[in-house]
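The lines below spell out each chain.
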Amino acid sequence: MITPIVGALLFLLTFNAYSQDHIQTDRYTASNKGKFFMSWGGNRAKYSNSDITFEGNDYKFTINNATAHDKPKGWHIDYINPKRLTNPQTNFKLGYFISDHYTVSLGLDHMKYVMSSNRHRVLDGYIDLPSEHVGSIYNGVYDQENFKVSEAFLQFEHTDGLNYIYAGIARFDDISSLFSLNNTDKIQLNMTEGFSAGVLYPKTNATLFNDQRYDAFHVSGFGVSASAGLNLTFFKHLFIQGDLKGGFINMGDIRTTPNTSDSASQHFFFAESIFSIGGIFRV
């Protein structure tokens, strides 16, 4: 038989457990399903070496193991200047929680890719331009030839930019308890991992054979990527997030001149470090 004292103790323990559980589920951060989020930030990027093939009516050649770098802006007002948002390297994402732990999102990684000029590279292929063309000084057949890729010969950049437009899916996990963050409505720490795929829509700045510079947006290929990051949410609705992202880009149709018969192709791996700020809310 349960004595009154034991019964009272059992009641108090049950009530305390219920109260704790009730408080936990009442928190805004206890459930994510149905929430939207949006973020804006900046990135630094690195690229693997790439074989870049240029092709036209009078030439076809490959620059082997071309190197490239990004074009950082640093801390600058342009990150929040609506008229100059594409000047720095930026990232935008809009997403939705389809469950407490999984999100779907659409995003844009606005990276910048600048091929290193004035470097000696191995050149394969041929150039046979008309004699009156300014670039005819480069005419010849190239077979594993050590060649200086000068700015007069080629300037090649995706600087406005290397635009990776993607759809992604990611997992979120609250790891606040690992750091004794008990009130997640004030501060919540999440870990996230995701996968994305999309198209490349670069605005390629190219000057080939010291000819007319070309600069226009063009769908050029596709990309796939994976990411992992930490999300720190404050007061339920505001967050900062850091991500490491890596992937593969294949651009088989890059516009290089106003002539549609001229094109370039390349593929390479990339790595991004991303810092962003954002908001999370229910509509």
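As recorded in an unreviewed UniProt entry, the protein goes by the name Protochlamydia outer membrane protein domain-containing protein, listed as coming from Gelidibacter salicanalis.

Colleague: Would you mind going over the overall build of the protein with me for this structure?
Modeller: Helix and strand counts for the protein stand at one helix and 15 strands. Counting across all 283 residues of the protein, residues that qualify as buried make up 43%. Counted over contacts in the protein with a minimum sequence separation of 6, partners at least 24 positions apart contribute 69%. Element-wise, carbon and sulfur atoms account for 61% of the exposed surface of the protein, whose accessible area totals about 15,100 Å².

Colleague: What's the story with the packing of aromatic side chains in this structure? I'm lost.
Modeller: Two descriptors summarise a pair of aromatic rings, namely the distance from one centre to the other and the angle between the planes of the rings. Per the stated rule, a full pass over the model turns up 24 aromatic pairs. Geometrically, the ring pair formed by F54 and F156 is edge-to-face, given 5.4 Å between the ring centres and 80 degrees between the ring planes. Here F54, found in strand β2 (residues 50–56), pairs with F156, found in strand β9 (residues 154–174); they are 102 residues apart in sequence, far enough to count as distant. Across the pair, exposure class does not vary: F54 and F156 are buried alike. For the ring pair Y164 and Y166, a centre distance of 5.3 Å and an interplane angle of 35 degrees mean the geometry is tilted. Just as Y164 is buried, Y166 falls in that class too. Chaining the aromatic ring pairs together yields one cluster made of F54, Y59, F61, Y138, Y142, F147, F153, F156 and F209.

Colleague: Explain the nonpolar core to me, please; I cannot follow it from the model alone.
Modeller: Within soluble globular proteins, side chains that are nonpolar tend to cluster in buried spots. Counting residues in hydrophobic clusters, the biggest one holds 35 residues, and the most contacted among them are F61 and F156. Take this core: its biggest share by element is five residues, from β9. Sequence-distant contacts of F61, defined by excluding residues within four places in its chain, comprise I52, T53, F54, L123, D124, G125, Y126, I127, F153, L208 and F209. Counting residues in each nonpolar core, the second largest holds five residues, with F37, F172, F239 and I280 among its members.

Colleague: Would you explain the environment of R213 in this entry?
Modeller: Structurally, R213 is set in the loop between β11 (203–208) and β12 (214–217). Sequence spacing of R213 and T256 is 43 residues, and the spatial spacing of their C-alpha atoms is 8.2 Å. Apart from residues lying up to four places away in sequence, R213 is in contact with N205, A206 and T207. Here N205 takes part through its side chain, which lies 3.5 Å from a polar atom of the side chain of R213.

Colleague: What should I look at first to understand unusual backbone geometry in this one?
Modeller: Going from D160 to G161, the amide bond is cis rather than trans, its omega being 0 degrees. Here G161 shows up in strand β9. With a phi close to 50 degrees, F235 is a non-glycine residue in the positive phi region. Along the polypeptide, F235 turns up in the loop between β13 (221–234) and β14 (238–255). For F235, a relative accessible area of 57% translates into the label exposed.

Calculation criteria
- Residues numbered from 1 in each chain as written.
- Predicted model: local features only at pLDDT ≥ 70, side-chain atom pairs only at ≥ 80, totals over all residues.
- Heavy atoms only, no water.
- Helix = DSSP H or I, 4+ residues; strand = E, 2+ residues; numbered from the N terminus.
- Buried < 20%, exposed > 50% of the residue type's maximum accessible area, 1.4 Å probe, protein only.
- Contact = heavy atoms within 4.5 Å.
- Areas by Shrake-Rupley, 256 points an atom, 1.4 Å probe, with all protein chains shown as cover.
- Phe/Tyr/Trp six-rings, centres within 6.5 Å; stacked < 30°, edge-to-face > 60°.
- Core = buried A, V, L, I, M, F, W, Y, C linked by side-chain atoms within 4.5 Å.
- Polar contact = N/O pair within 3.5 Å; in protein donor to acceptor, adjacent residues only side chain to side chain.

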